[in-house]
Every structure is written in C-alpha cells, then in structure tokens.
Amino acid sequence: MSFSDRERHLIRAAFAWGQITQQEGYTLSDLEIEKSVLFRRLLGGRPPLAFPPPLRHGFPWYDVIEGRSEHIVSASEASPECSIIAPDCNPGDTCILIDGTFWRVAETIREQEEYIVEWGQYPMQWRLKKHWEVNYEMTQQLHSFRRNNPSAEVSFDHYLGQRAYREFRIGDDQTVWLCEWQLSRISLSGWVWVGTVLPPIEERLTTICEDALGPVIIGNQGADKGNAWLRIEQAERESRLTKLKGQYDYHSLTSASAAELKSLLHSLQDESGAIEIMDWCECGSLRHFSLPASLVPLEELSLKDVSYDLVPDNAYDQ
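The structure presented is a predicted model; accordingly, all values stated were derived computationally and were not measured. (Residues numbered from 1 in each chain as written. Predicted model: local features only at pLDDT ≥ 70, side-chain atom pairs only at ≥ 80, totals over all residues. Heavy atoms only, no water.)

*Asks:* Before we go on, may I ask you to explain the overall build of the protein in this structure?
*Replies:* In terms of regular secondary structure, the protein is built from seven helices and 18 strands. Out of the 318 residues in the protein, the part that is buried amounts to 42%. Excluding contacts between residues fewer than 6 apart, the proportion of contacts in the protein whose partners are at least 24 apart in sequence is 55%. Of the roughly 18,000 Å² of accessible surface on the protein, a fraction of 50% belongs to carbon and sulfur atoms. (Helix = DSSP H or I, 4+ residues; strand = E, 2+ residues; numbered from the N terminus. Buried < 20%, exposed > 50% of the residue type's maximum accessible area, 1.4 Å probe, protein only. Contact = heavy atoms within 4.5 Å. Areas by Shrake-Rupley, 256 points an atom, 1.4 Å probe, with all protein chains shown as cover.)

*Asks:* Can you walk me through the nonpolar core in this structure?
*Replies:* Generally speaking, nonpolar side chains in soluble globular proteins are found buried as a group. Ile96, Trp103, Val117, Trp126, Leu128 and Leu183 are the most contacted members of the largest nonpolar core, which has 52 residues in total. In terms of residues, this core owes the most to one element, helix α2 (residues 37-43), which gives four residues. Among residues more than four places away in sequence, those in contact with tryptophan 103 are Pro54, Trp61, Val64, Thr94, Cys95, Ile96, Ile98, Val117, Glu118, Trp119, Trp126 and Leu183. (Core = buried A, V, L, I, M, F, W, Y, C linked by side-chain atoms within 4.5 Å.)

*Asks:* What is the right way to read the sheet that holds strand β15 (residues 238-243) from this model?
*Replies:* Hydrogen bonds between backbone atoms are what pair the strands of a sheet, whose relative direction is either parallel or antiparallel. With antiparallel pairing, seven strands are arranged side by side in an open sheet as β10-β18-β17-β15-β14-β12-β11. Bordering the open sheet on either side are β10 (196-197) and β11 (205-211), each of which pairs with just one other strand. Here strand β12 (residues 214-220) runs beside strand β14 (residues 228-235); their pairing, made up of three bridges, is antiparallel. Bridge pairing in β14 links glycine 219 to alanine 228. (Pairing = 2+ DSSP bridges.)

*Asks:* Is there a simple way to think about the pairing of strand β5 (residues 101-110) in this case?
*Replies:* In the case of a regular strand, side chains alternate between the two sheet surfaces. Pairing analysis gives four bridges linking strand β4 (residues 95-98) to β5, with the strands arranged antiparallel. Across the sheet, residue isoleucine 96 finds its bridge partner in β5, namely tryptophan 103. Joining the antiparallel neighbours β4 and β5 is a turn of two residues, in which aspartate 99 adopts a positive phi near 50°. Of the strand pairs in this sheet, β5 and strand β6 (residues 114-118) are connected by five bridges, and their pairing is antiparallel.

*Asks:* Please clarify how the environment of arginine 68 should be interpreted in this entry.
*Replies:* As for its placement among the helices and strands, arginine 68 is situated in the loop between α3 (63-66) and β3 (71-73). Arginine 68 sits 122 residues away from glycine 190 along the chain, and the two C-alpha atoms are 9.5 Å apart.

*Asks:* Sorry if this is basic, but what is going on with the packing of aromatic side chains here?
*Replies:* Following the criterion strictly, the structure yields seven aromatic pairs and no others. Seen in terms of ring centroids, tryptophan 103 and tryptophan 126 are 5.0 Å apart; in terms of plane orientation they differ by 90°. Their pairing is edge-to-face. Taken together, the residues tryptophan 103 in strand β5 and tryptophan 126 in strand β7 (residues 126-134) connect sequence positions 23 residues apart. With respect to burial, tryptophan 103 and tryptophan 126 carry one shared label: buried. Each residue in the set Phe51, Tyr122, Trp193 and Phe289 is aromatic and connected to the rest through ring pairs, giving one cluster. Here arginine 41 stacks its cationic end above the ring of tyrosine 62, 4.3 Å away from the centre of that ring. Lying over the aromatic face of tryptophan 191, arginine 240 brings its terminal NZ or CZ to 5.2 Å of the ring centre. (Phe/Tyr/Trp six-rings, centres within 6.5 Å; stacked < 30°, edge-to-face > 60°. Lys NZ or Arg CZ within 6 Å of the ring centre and 35° of its normal.)

*Asks:* Please clarify how the pairing of strand β17 (residues 274-281) should be interpreted in this entry.
*Replies:* For β17, the tally of buried residues reaches six of eight residues, placing the bulk of the element in the interior. As paired elements, β15 and β17 share four bridges and run antiparallel to each other. Residue pairing across strands places leucine 241 opposite methionine 278, the latter belonging to β17. Strand direction decides the pairing type here: β17 and strand β18 (residues 284-292), joined by eight bridges, are antiparallel.

*Asks:* When you look at helix α4 (residues 136-148) in this model, what are you seeing that I'm missing?
*Replies:* Spacing of three or four residues puts side chains on the same side of an α-helix, whose turn is 3.6 residues. If you check α4, its first and last C-alpha atoms are 18 Å apart, about what 13 residues at 1.5 Å a residue would give, namely 18 Å. Every buried residue of α4 is listed here: Thr139, Leu142 and Ser144. (Expected span 1.5 Å × (residues − 1).)

*Asks:* Mind showing me how you'd approach the pattern of salt bridges here?
*Replies:* When their charged atoms lie close together, side chains carrying opposite charge are able to pair. By the definition in use, this model includes 12 salt bridges. Here glutamate 114 ties to arginine 110 by a salt bridge, and the two come within 3.1 Å at their closest N and O atoms. Relative accessible area serves as the criterion here: at 6%, glutamate 114 is assigned to the buried category. We classify arginine 110 as partly exposed; its relative accessible area is 41%. (Salt bridge = Lys/Arg side-chain N within 4 Å of Asp/Glu carboxyl O.)

*Asks:* I'm lost on the confidence of the model for the protein in this one. Help?
*Replies:* Should pLDDT be low for a region, the predicted coordinates there are not to be read in detail. Overall, the prediction assigns the protein a mean pLDDT of 80, with 82% of residues at 70 or greater. Within the protein, the lowest mean pLDDT, 52, falls on helix α5 (residues 157-160), and the highest, 95, falls on β6. Confidence drops under pLDDT 50 across residues 160-165; counting only partners more than four residues distant or on other chains, this segment forms six contacts. Segment residues 302-318 is flagged for pLDDT under 50; beyond a separation of four residues in sequence, or across chains, it makes 55 contacts in the model. (pLDDT = per-residue confidence, 0-100.)

*Asks:* Got a minute to help me understand unusual backbone geometry in this structure?
*Replies:* When glycine is set aside, most residues are seen to have a negative phi, and most peptide bonds are trans. Unusually for a residue other than glycine, aspartate 99 sits at a positive phi of about 50°. You can see aspartate 99 is positioned in the loop between β4 and β5. The exposure class of aspartate 99 is buried, given its relative accessible area of 5%. With a phi close to 55°, glutamate 236 is a non-glycine residue in the positive phi region. Within the element layout of this structure, glutamate 236 appears in the loop between β14 and β15.

Shown next, in the form of structure tokens:
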C-alpha cells in the first residue's frame, strides 16, 4: 500500500497531535481532533511550541506567544485566593483571570489598573492595563433621557460604587465611559520556541554597533573580523539577533547602509538550512536557538531605513 504526500502529511500530523495531547495528560476522548487548534496548526506546517500556550476561552492561544499585536481581554481582580488551581503557580501567588485562564501577576503597577503578568514556563512578560473609551451611544442615550425628562432625579452613585459596575463610569459632563483591558507583550516574541535549543555560546561576544535602543551588531570580542549577529527585534533591555552567514569585516559592516543590512537579512530566507537566533541582554547571551529558515518571520518585522532600526512596531509603545 502506498500513500500520497497529503496522506502522509495527515498521518504525521495526527501522530504528532496524539503524542502531544498524551504528554499533556489528555486522552483521545477528551479532545476531538477535528476541533483541535493544535491539529490545525500541525496541518499548516507549524510545529508545536516548546511549552503549551495559555488557553483563551478554552482554546490554545498561540498568537499571544508568537504574535506582536495588542489584545482586548476580560480580566478579573488580582488575588492569591485561586493560586492553588492556577497553572504553574505556587500557593500564595497573586493570580488574575484573563479570558478564562489564570495568569501569574509578576508586578502590580496600579491596583485594579495595571499589572505585569506571566504565564507558564515562558520567560516572557505582558502588560495588562485598563483602558477607558467613551461610549457615544450610551452617552447620547443618557443626554436624550436628561433632555426629555428634565425633572427626573437619577443618580448612578450607588451602582458605580459596587464591584459589578466597575466596567463603566460617568464623567461630570455626563459622558459615559466603558473600560477594557489591553494585554500587550513587553518581552521578545515567542516564535523562537518552535525551534531547537542550542548549547550556550562559548565565543566572547561584544557590541560592535549600537543605537538608542541597544546593540545593532554583535561580533567577536577583540577581533576585526569574524561572525556577526544582526538585530531583528528589541523589547525593553533585551535584543534578538540572527547570525549572518560567513565571516565579516566589522568596520565594513558597521558602515553599511540600512538597505545593505536589510538585504543580508533577506538573503537568510533563501537559505535551505537552519538559521541561528540569539537573545541578548547587557549581561550577555540569554538564549540560543536554531530554526528552519521558513519559520523565521523576518518578513513580518518592521525594517526601517533610519539608523538601522530593525524593530517591531510595538516596541515603541512600551
């Protein structure tokens, strides 16, 4: 019996799905493969992440790990009461329920307004912040009622003081405001977690070229020529760099134009082999990964032509 390429792909995806779900403690009766987000991901050629992603309304939330967008979510009050049932939390940890899943609170910026949160085993952080928007329909309704019923005595003070009604407020000018919670990643994105972890880099590396955001090019310390790493992402004090193919003269590389640096990045995508990725901070290398070129989203990054500014859009919002 012979199988077509599509049939072999389906078999491999189903086999990988069964292995992963069994490792995570599920049985085939617990999850229907037709409804599985993980199975659809495997069919699409995307490998599983190193760790399970958080759930959102009961479904794996890959985009919050791998993507760069801001998410509108529902959030509960932060509390340590549910830490014993929260994944990867220790009893007593402050947790907050975000779209149906408990996240760990790493830092409280402003009580009931802004938090730094973490999830699972990922060395990543997100900012959870309350944002207020004017609701024009409700505002117009309130103004119409006041206009048509000038003698009516209506007060929201009693309702606004209760916990269940903290989702809205009314300003002095009778404008109705509704709140929403915004969740945005403040660490480097997690697409590297589909790669293979490599041993720590033994070379002595140093910054060859930098800008206001951090290192742009990193190379071998004390050398004029050698391996070169070029920044592709920046978040807070962490940088993500990709290793360029071949050996480079550092003086020529630092004087290269933004277009030339961009072409070096794009040439990596034409490679059939793996691409090396390194996460870097002031103390040195943090993580070292190898990924197939097809899984490195260089085309999604914002490659600007000013001061070698190879940074995702959301880096400026932090």
